[in-house]
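The primary structure of each chain is shown beneath.
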Amino acid sequence: MSTSVIADVGVVGAGTMGNGIAHVCAQAGFRVTLSDVSLDAARAGLTTIGKNLEVGVQKGKVSAADRDATLGRITVTEGLERLRGCQLVIESVPERLALKQGVFQALSALVADDCILASNTSSLSLTEIAAAARHPERVVGLHFFNPVHLMKLLEVVRAHQTSDATVEAVRAFGASIKKELIVVKDSPGFASSRLGLAVGLEAVRMLEEGVASAEDIDRAMELGYGHPMGPLKLGDLVGLDVRLAIAEYLYAETGSAAFRPPQLLKKLVRAGKLGRKAGEGFYRYRAD
Ligand code: NAD
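In this text, all values refer to a predicted model and were calculated from it rather than measured experimentally.

(A) Region of interest: a nonpolar patch on the surface. A cluster of nonpolar side chains, namely Leu234, Leu237, Val238 and Val242, defines an oily patch on the protein surface of about 280 Å² accessible area. For the nonpolar patch, the element with the most residues is helix H9 (residues 231-238), which contributes three residues. Within the fold, leucine 237 resides in helix H9. With a relative accessible area of 44%, leucine 237 lands in the partly exposed category.

(B) Molecular detail of the domain arrangement of the protein. Domains assigned within the protein are domain 1 (3-185) and domain 2 (193-276). When each unit is reduced to the centre of its C-alpha atoms, the spacing between domain 1 and domain 2 is 28 Å.

(C) Local environment of the site of the ligand. For the ligand, the set of nearby residues contains 21 residues, the closest of which are Met17, Asp36, Glu95, Lys100 and Ser122. Interatomic distance of 3.3 Å between a backbone N/O atom of valine 93 and an oxygen atom of the ligand. Within the side chain of serine 122, an N or O atom sits 2.6 Å from an oxygen atom of the ligand. In isolation the ligand offers 840 Å² of accessible surface; the protein chains occlude 75% of this area. If you list the elements that add at least two residues to the shell around the ligand, you get helix H1 (16-27) and helix H4 (97-108). For the shell around the ligand, the element with the highest residue contribution is H4, accounting for three residues. The class makeup of the residues in the shell around the ligand is nine nonpolar, nine polar and three charged.

(D) Inspection of the packing of H1 against helix H2 (residues 39-58) at higher detail. In the contact formed by H1 and H2, the axes pass within 9 Å of each other and the chain directions differ by 60 degrees. Relative to H2, the element H1 lies oblique. When the axes of H1 and H2 are compared, the crossing they make is right-handed. The residues of H2 that touch H1, namely those facing Asn19, Ala22, His23 and Gln27, are Gly45, Thr48, Ile49, Asn52 and Leu53. The residue makeup of the contact of H1 with H2, split by class, is three nonpolar, six polar and no charged.

(E) Spatial organisation of the environment of threonine 47. Relative to the helices and strands, threonine 47 resides in helix H2. When its relative accessible area of 43% is taken as the criterion, threonine 47 is described as partly exposed. In this structure, the C-alpha to C-alpha distance between threonine 47 and phenylalanine 173, residues 126 residues apart in sequence, is 25 Å.

(F) Just the nonpolar core, in detail. Ranked by internal contacts, the top residues of the largest apolar core, which has 33 residues, are Val9, Cys25, Ile90, Leu142, Phe144 and Phe173. When residues of this core are assigned to their parent elements, the largest contribution, six residues, is made by H1. Apart from residues lying up to four places away in sequence, valine 9 is in contact with Cys25, Phe30, Arg31, Val32, Thr33, Cys86, Leu88, Ile90 and Phe173. In terms of nonpolar packing, the next biggest core, distinct from the first, is built from 21 residues, Leu83, Val111, Ala133 and Val139 among them.

Cut-offs and rules
- Residues numbered from 1 in each chain as written.
- Predicted model: local features only at pLDDT ≥ 70, side-chain atom pairs only at ≥ 80, totals over all residues.
- Heavy atoms only, no water.
- Patch = residues over 30% accessible without salt bridge, like charges linked within 9 Å, V, L, I, M, F, W, Y side chains within 5 Å.
- Areas by Shrake-Rupley, 256 points an atom, 1.4 Å probe, with all protein chains shown as cover.
- Salt bridge = Lys/Arg side-chain N within 4 Å of Asp/Glu carboxyl O.
- Helix = DSSP H or I, 4+ residues; strand = E, 2+ residues; numbered from the N terminus.
- Buried < 20%, exposed > 50% of the residue type's maximum accessible area, 1.4 Å probe, protein only.
- Domains from an automatic or database assignment.
- Near = heavy atom within 4 Å.
- Polar contact = N/O pair within 3.5 Å; in protein donor to acceptor, adjacent residues only side chain to side chain.
- Nonpolar A, V, L, I, M, F, W, Y, C, P; charged D, E, K, R; others polar.
- Axes fitted to C-alpha atoms, helices over the stretch in contact; angles between N-to-C directions.
- Parallel < 35°, antiparallel > 145°, perpendicular 65-115°, else oblique.
- Left-handed = near helix turned anticlockwise from the far one by under 90°.
- Contact = heavy atoms within 4.5 Å.
- Core = buried A, V, L, I, M, F, W, Y, C linked by side-chain atoms within 4.5 Å.

Next comes the structure, spelled out in structure tokens:
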């Protein structure tokens, strides 16, 4: 079966990533329904979108008319029922396989047969997520980056079951929301998380061995390789608990020593030093 033209996009989960995804889709002209477990959470997502658009207006990058039209295209809702008429639904709930599979199962019972179901997972197996859907050939990974409205990359992840038509449809969709696409097959950590983790975990091991200070390890990649942010700073930004969970998953899946979680990372997480959000990780942060 071919896929129909995408005009209505549903987003499940209005947190850090979900509201960013709703933002870029609405700004590109799609009608967006942003759903969460509670209406308050969905409304909070819309408030964040409004604030981010306002920053764009202040910087002269977004017109006031564009801000208003973008917000006007977003409807917030509790639960999944109002996603029934969407041609594309993008799931962005927390990184737990059973939770995501439950969402895909519920969506499968609701949407039309030709609706594409996408997941924003950053590491879980798309093939396992797709297995929970009624039409696994129309399941695909759409891995966005944080903050979604500023980061150019969109990593399209092809599950074992994903059809060519689905990949072509999301390629066109990705171009229409002005992202640069890469297409990777489902494998642990895809391309971005696998490479990012390998560098990030090696940086932790170097810090553990006393090779250099955290500042100097970060400066090596910032000044020597042009990375906008060193790997330890980036770990603090993403959250050390999130980093550790992905490392444990990749180590279990691949057995590669590159992903063995370093002791220092485990210790920091056990001590509650989770990075920026906790006020301390590899660095200390002032409370603003
Ligand atoms: P988050 O915790 O900020 O947001 C998750 C939202 O999902 C919350 O608002 C929660 O209320 C909602 N939710 C939970 N269960 C739900 C359900 N059954 N139905 C509807 N909504 C539900 O999480 P996040 O950081 O936005 O991450 C979401 C996904 O994006 C994860 O898979 C994560 O791995 C991935 N991701 C995160 C980042 C990042 O930098 N944070 C980057 C790329 C990908």
